[in-house]
Amino acid sequence: MNLLRDRSAWLHGPEHRCQQPPPHIEHPRRIVLLGAPGVGKGTQAALLSSAIGACHLSTGDIFRLARATSPRGLTPAMHAAVERMTRGELVSDQTVLRIVRERLGCLTCRGGFLLDGFPRTMSQAAALEVLLQHEGVRIDAVVRYDLSELELIARIGGRRTCPVCKAVFHTQLRPPKRAGFCDVCGTELVVRDDDLPAAVHIRQRSYVESATPLLAFYREQGRLLHVSAVGTPEEVFSRTLTALAAHCER
Ligand code: AMP
């Protein structure tokens, strides 16, 4: 459906208007993507965004962009957040929630949303429920991608990201057409700081700690779908669409 959404209002803040906003969709999908760092949520979000029109809303992308574009102009809270992100630690709930609240328009957008990396803790999930309830919208499904830790580490090792348009590639699983350069905008691909081995270890540990209660919360509400992340991005994508169709038709 869509080719490339600019997501300006999400990435740069509410004072920015999206140049390519999603179309108004009669039944917009509002989906949360969960899974350990490296499982491929970003890749699946891009594929899903093309298929269902909703924007890929990643909190990690906001912090990476803040660091890349305005290192001197950061507020003290954002500066602390970026430092924590670079070390692989979680940013404080307070900072993440302020950032998400400022971008409430993206959560109520008639194109729907694909949240990636948020919520990450129970207090973020509870705050999101309150925000959405107040706006009269609800999450349709929470997709949790499953993959063994060994495979996760191998995936992160090969991951390459475009610093400009955020497209994600993998040296083996999803190689760009021209080695080392983004297929979408031609920029040289990079290894994210938080994909370096020391940060990866911390990220995996903090993911397990914070995700367990979150999964129980969404399971109890009957909104949690498990999708195996084994195989190519297209295979995982096809499984995701099947699981979502079955869930949303219930
Ligand atoms: P991600 O791209 O989702 O793996 O996020 C990269 C990094 O950004 C994480 O390791 C955290 O440091 C920070 N971050 C992103 N989203 C959140 C969140 N919801 N809560 C706390 N920290 C976050």
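Located above this text is the structure these notes cover.
Definitions and limits used
Residues numbered from 1 in each chain as written. Predicted model: local features only at pLDDT ≥ 70, side-chain atom pairs only at ≥ 80, totals over all residues. Heavy atoms only, no water. Helix = DSSP H or I, 4+ residues; strand = E, 2+ residues; numbered from the N terminus. Rg over C-alpha atoms; globule rule 2.2 N^0.38 Å. Buried < 20%, exposed > 50% of the residue type's maximum accessible area, 1.4 Å probe, protein only. Core = buried A, V, L, I, M, F, W, Y, C linked by side-chain atoms within 4.5 Å. Contact = heavy atoms within 4.5 Å. Axes fitted to C-alpha atoms, helices over the stretch in contact; angles between N-to-C directions. Parallel < 35°, antiparallel > 145°, perpendicular 65-115°, else oblique. Nonpolar A, V, L, I, M, F, W, Y, C, P; charged D, E, K, R; others polar. Arc of directions from axis to C-beta. Pairing = 2+ DSSP bridges.

## Here's the deal with the overall build of the protein chain
And then number 1: Along the backbone of the protein chain there are 10 helices and seven strands.
And then number 2: Relative to the globule expectation of 18 Å for 250 residues, the C-alpha radius of gyration of the protein chain, 17 Å, shows essentially globular dimensions.
And then number 3: With respect to the three principal axes, the spread of C-alpha positions in the protein chain is 45 × 40 × 35 Å.
And then number 4: Burial status across the protein chain gives 50% buried among its 250 residues.

## Digging into the nonpolar core
And then number 1: Counting 39 residues, the largest nonpolar core has Leu107, Leu115 and Tyr218 as its most contacted members.
And then number 2: In terms of residue count, the dominant contributor to this core is helix H7 (residues 122–135) (five residues).
And then number 3: Beyond its immediate stretch of four places on either side in the chain, tyrosine 218 contacts Leu34, Pro119, Ala125, Leu128, Glu129, Ile139, Val142, Arg223 and Leu224.
And then number 4: Within the second largest apolar cluster, 23 residues are counted, among which are Leu48, Leu114, Leu152 and Phe237.

## Considering the packing of helix H3 (residues 59–69) against helix H4 (residues 76–87)
And then number 1: As a packed pair, H3 and H4 sit with axes 10 Å apart at the nearest point and diverge in direction by 110°. What the angle tells us is that H3 and H4 run roughly perpendicular. Touching Ile62, Phe63, Arg64, Ala66 and Arg67 of H3 are Met78, Ala81, Val82, Met85 and Thr86, all from H4.
And then number 2: Partitioning the contact of H3 with H4 into residue classes produces seven nonpolar, one polar and two charged.

## Digging into helix H8 (residues 149–158)
And then number 1: Those residues of H8 lying buried are Leu152, Arg155, Ile156 and Gly158. Each buried residue of H8 sits inside an arc of 165° when the element is viewed along its axis, so together they form one side. Across H8 from its buried face, at more than 90 degrees, point the exposed residues Leu150, Ala154 and Gly157.
And then number 2: Where the residues of H8 are buried, they touch strand S5 (159–161), strand S6 (168–170) and helix H9 (197–220).

## Some thoughts on the sheet that holds strand S1 (residues 30–34)
And then number 1: Taken together, five strands build an open sheet; the order of strands is S2-S3-S1-S4-S7 and the sheet is parallel. With partners counted over all chains shown, the strands left at the sheet margins are strand S2 (55–58) and strand S7 (224–228), one partner each. Here the strands of the sheet are splayed against their neighbours by 25° on average, with no regard to which way each runs.
And then number 2: Sheet contacts for helix H2 (residues 41–52): S1, S2, strand S3 (113–116) and strand S4 (141–146); angle to S3, the most-contacted strand, approximately 180°.

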